[in-house]
Amino acid sequence: MKRSRVWLGIGLAGGFLALLHGSATAADPSQEVKAPAAQEAAGPGTAAAPPAVTITVDQSSLDNGGTLQISGTAPAGKPVYIEVTSEQKVRASRFDADLDKDTGKRPYILYMTEDMPAFYKLFMPKEQKEALEKLKNEGSKWSVSKALKDLGADAAYSAPAKAGIDRYQATLLGSVIGSRGELLAKMDAKENRKRSMQLLKAKFRSPGKVFGAEVEVMPDGTFKAAVKIGQGLAPGKYSVVAAVDKSTRSQAAVFENKISFPYVYLGNAGASVNLFYPFFLALAVMIFGVMMGAGGGFILNPLLVTLFPLPHTVVAGTVMPTVLFSQGSGIYNYSKIKFISWKVGVAIGLSTIAGGFLGPKLTELVTLEQYKFIFGWILIGLSALMLWQTMPGYLAKNKKEQAILKEFKKRAEEAAKGATKDTEPRRAA
Amino acid sequence: MHVQFWGQEFKINVWVGCALGFLMAIVSSMFGFGGGPFMIAIMTLALGMPMYLAVGSSLLVIFFNTVTGSVRHFQFGNFDLVFFLIMFPAGLLGGWIAPQITKRVSPVVAKRVAVVGLGILSLNLLGVF
């Protein structure tokens, strides 16, 4: 609490300083706005133009993120929205299997674009802060189109709507094995815009990632905003555009975000990471995971999504094949010390394939959230039972466990003596 | 099905294992987490397998699930090559280091490690983090 106040204080002080700096160095444009007479004298060509929107940014380049001071002018009395868009594009996709209320059918259409901006954020007037907070608390059910309407930002939403979206008619079974299905005809601009909003949500997920309420609009139409560009975002050029309505938009102000080693840009995730962090994180988690007979993905996924600005889809889709290697390597190394039963593993493994096909179909029939809760408690019960299995009372009754423990102690002693360094795995029957 | 481990014979009901494995795969593919923690619990609790044997066999079981899941994610364009190249050596290394640790700790300790893992997943599912 206290800390956030300190940061707020620093931010405000910084903003004030930047404002002083801005008004000192850019004295000419501000005069232009306040004194139309001077403008006429400077150039007759610009005088007759309607009160357009102008925008400037205080820095032309950022080093892996930073805070950008944006200022400009707009017609007095209108709310100003600022769109910050990266030039770097990424892929976004969404599989629409939601029940269509009109037809009562599930469409099974895969929407996919390669043109989603790697970074997109729409900043609105500060007055919308409360409404935005409310939206953030709504949970995962929020929709971009409703949010834009509620926040009055519908007209300002522009950049992602231009992304060309392909759609594929998939079958459910096809989608389970990963077939995209048949490519359908292109959508018109309006439909494309609507679908782009769904893809925006699929890509960025939470309202806080795509919306901000930082724009301070003065009664005379000048506006300013301190915009934070986080660490680990896409490198390259970003454009900043101010809009008051559909037709009244400013020219784009441009800044560049620079990324240098050990940060690397992940082209499909649309974000940059320090390459050492995911490596060591994955290593620690996978050692733990393989020790307990799992891959480790169930810990790695939430950690990566929390710690880095990465989309959950790409995290899940990349962790899965990574886990394949930790499991594969684990299987190989466990098999060398004979900690594996091929018969049991393959028999149950084949039965899981069938289950894996059925799961996605069932997802349509149940509400996930409430079931998550149930399985959480089931798992707590199971872990309690497993813990009980490690208690002396249980072990005392179980002769086989005792025999294995005894054998373990014997082997450990032998290993400690160093005499049987290499016989250990071979003796395992 | 009879399985030998360190001179002890374990009678394992594979049908129960397959039925539970089938259910586990449905649940894990629905919620998008690997079935590993569930599998290890099934093997130690329902099938009565010793912990050492359960860790390796559980990995083998969920490997099948991971293969189909990976293919699906790849087709849907969720795969990032650079990200993968950063992490997959960690996967190979982790899969080598973990068995070295497991064989040096007692099966009781190994089982408690799994209890911690199960606890983490359950808290995640309950929305604690």
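Residues numbered from 1 in each chain as written. Chains lettered and ligands numbered in written order. Predicted model: local features only at pLDDT ≥ 70, side-chain atom pairs only at ≥ 80, totals over all residues.

**Describing the overall build of chain B**
Point 1. In terms of helices and strands, chain B carries 5 helices and 2 strands.
Point 2. The linear arrangement of helices and strands in chain B, starting from the amino end, is β-β-α-α-α-α-α.
Point 3. Seen along its three principal axes, the alpha-carbon backbone of chain B occupies a region of about 45 × 30 × 30 Å.
Point 4. Within chain B, contacts between residues separated by at least 24 positions form 54% of all contacts whose residues are at least 6 apart in sequence. (Helix = DSSP H or I, 4+ residues; strand = E, 2+ residues; numbered from the N terminus. Contact = placed C-beta atoms within 7 Å.)

**Some remarks on the overall build of chain A**
Point 1. Along the backbone of chain A there are 16 helices and 15 strands.
Point 2. Here chain A, with 429 residues, has 36% of them falling under the buried criterion.
Point 3. Across chain A, the fraction of contacts at a sequence separation of at least 24, relative to all contacts at a separation of at least 6, is 68%. (Buried ≥ 20, exposed ≤ 12 C-beta atoms within 10 Å, placed from the backbone.)

**Comments concerning the sheet that holds strand E12 (residues 236-243) of chain A**
All names here are of chain A.
Point 1. Reading across from one edge, E1-E3-E11-E10-E7-E4-E12-E13-E2 is the order of the 9 strands in this open sheet, with mixed pairing throughout. Pairing within the sheet leaves two strands with one partner each, and these edge strands are strand E1 (54-57) and strand E2 (61-63). Shown here is a sheet whose adjacent strand axes are inclined to one another by a mean of 25°, direction ignored.
Point 2. One ladder, built from 5 bridges, connects E12 with strand E13 (residues 253-258); its direction is antiparallel. By the bridge assignment for E13, Tyr238 is matched with Phe255. (Pairing = 2+ DSSP bridges. Axes fitted to C-alpha atoms, helices over the stretch in contact; angles between N-to-C directions.)

**A look at the domain arrangement of chain A**
Point 1. What the domain assignment lists for chain A is domain 1 (1-49), domain 2 (53-258) and domain 3 (271-427).
Point 2. A separation of 39 Å is found between the C-alpha centroids of domain 2 of chain A and domain 3 of chain A. (Domains from an automatic or database assignment.)

**Here's the deal with the interface of chain A and chain B**
Point 1. With 98 residues of chain A at the interface, the matching set in chain B holds 98 residues.
Point 2. Considering only residue class, the side of chain A that touches chain B consists of 58 nonpolar, 33 polar and 7 charged. (Nonpolar A, V, L, I, M, F, W, Y, C, P; charged D, E, K, R; others polar.)

**Digging into the sheet that holds strand E5 (residues 89-96) of chain A**
Residue and element names in this part refer to chain A.
Point 1. Read across the open sheet, the 4 strands follow the order E5-E6-E8-E9; overall the sheet is antiparallel. The sheet terminates laterally at E5 and strand E9 (182-183), the two strands that pair on one side only.
Point 2. On the sheet, helix H7 (residues 189-204) packs against E5, strand E6 (109-117) and strand E8 (165-169) and is oriented at approximately 100° with respect to E5.

**Here we look at the environment of Leu45 of chain B**
Point 1. For Leu45 of chain B, the location among the structural elements is in helix H2 (residues 36-46).
Point 2. In this structure the C-alpha to C-alpha distance between Leu45 of chain B and Phe76 of chain B, which are 31 residues apart in sequence, comes to 36 Å.
Point 3. Apart from the residues lying within four places of it in its own chain, the contact partners of Leu45 of chain B are Leu382, Leu385 and Met386 of chain A.

**Notes on the environment of Ala90 of chain B**
Point 1. Along the chain, the position of Ala90 of chain B falls in helix H4 (residues 81-104).
Point 2. Those residues in contact with Ala90 of chain B that lie beyond four places of it in its chain are Phe279, Ala282, Leu283 and Met286 of chain A.

**Notes on the pairing of strand E1 (residues 2-5) of chain B**
All names here are of chain B.
Point 1. With 4 bridges connecting them, E1 and strand E2 (residues 8-11) associate as antiparallel partners. Considered in E2, the bridge of Phe5 is made with Gln8.
Point 2. Hairpin remark: E1 followed by E2, antiparallel, with 2 residues in the connecting loop; positive phi at Trp6, about 50°.

**Things to note about the confidence of the model for chain B**
Point 1. Within chain B, residue pLDDT values average 89, and 97% of them lie at 70 or more.
Point 2. Across the whole predicted complex the pTM is 0.76, and at the interface the ipTM reaches 0.94. (pLDDT = per-residue confidence, 0-100.)

**Describing helix H5 (residues 107-125) of chain B**
Point 1. With 19 residues, H5 of chain B extends 27 Å from end C-alpha to end C-alpha; this agrees with the ideal 27 Å at 1.5 Å per step.
Point 2. For H5 of chain B, every residue scored as buried is listed here: Pro107, Ala110, Lys111, Ala114, Val115, Gly117, Leu118, Ile120, Leu121, Ser122 and Leu125 of chain B. (Expected span 1.5 Å × (residues − 1).)

**Describing helix H15 (residues 399-417) of chain A**
Point 1. A rise of 1.5 Å per residue sets the reference length of H15 of chain A, with its 19 residues, at 27 Å; its end C-alpha atoms lie 27 Å apart and thus fit the reference within 8%.
Point 2. All of the buried residues along H15 of chain A are Glu401, Ile404 and Phe408 of chain A. Summarising the axial view, the buried residues of H15 of chain A lie within an arc of 60°, below the 170-degree limit, and thus occupy one face. Of the exposed residues in H15 of chain A, the ones pointing more than 90 degrees away from its buried face are Lys399, Lys406, Lys409, Lys410, Glu413 and Lys417 of chain A.
Point 3. On its buried face, H15 of chain A is in contact with helix H14 (392-397) of chain A together with E2 and H5 of chain B.
Point 4. Gly418 of chain A occupies a position one or two residues after H15 of chain A and carries a positive phi of about 80°. (Arc of directions from axis to C-beta.)

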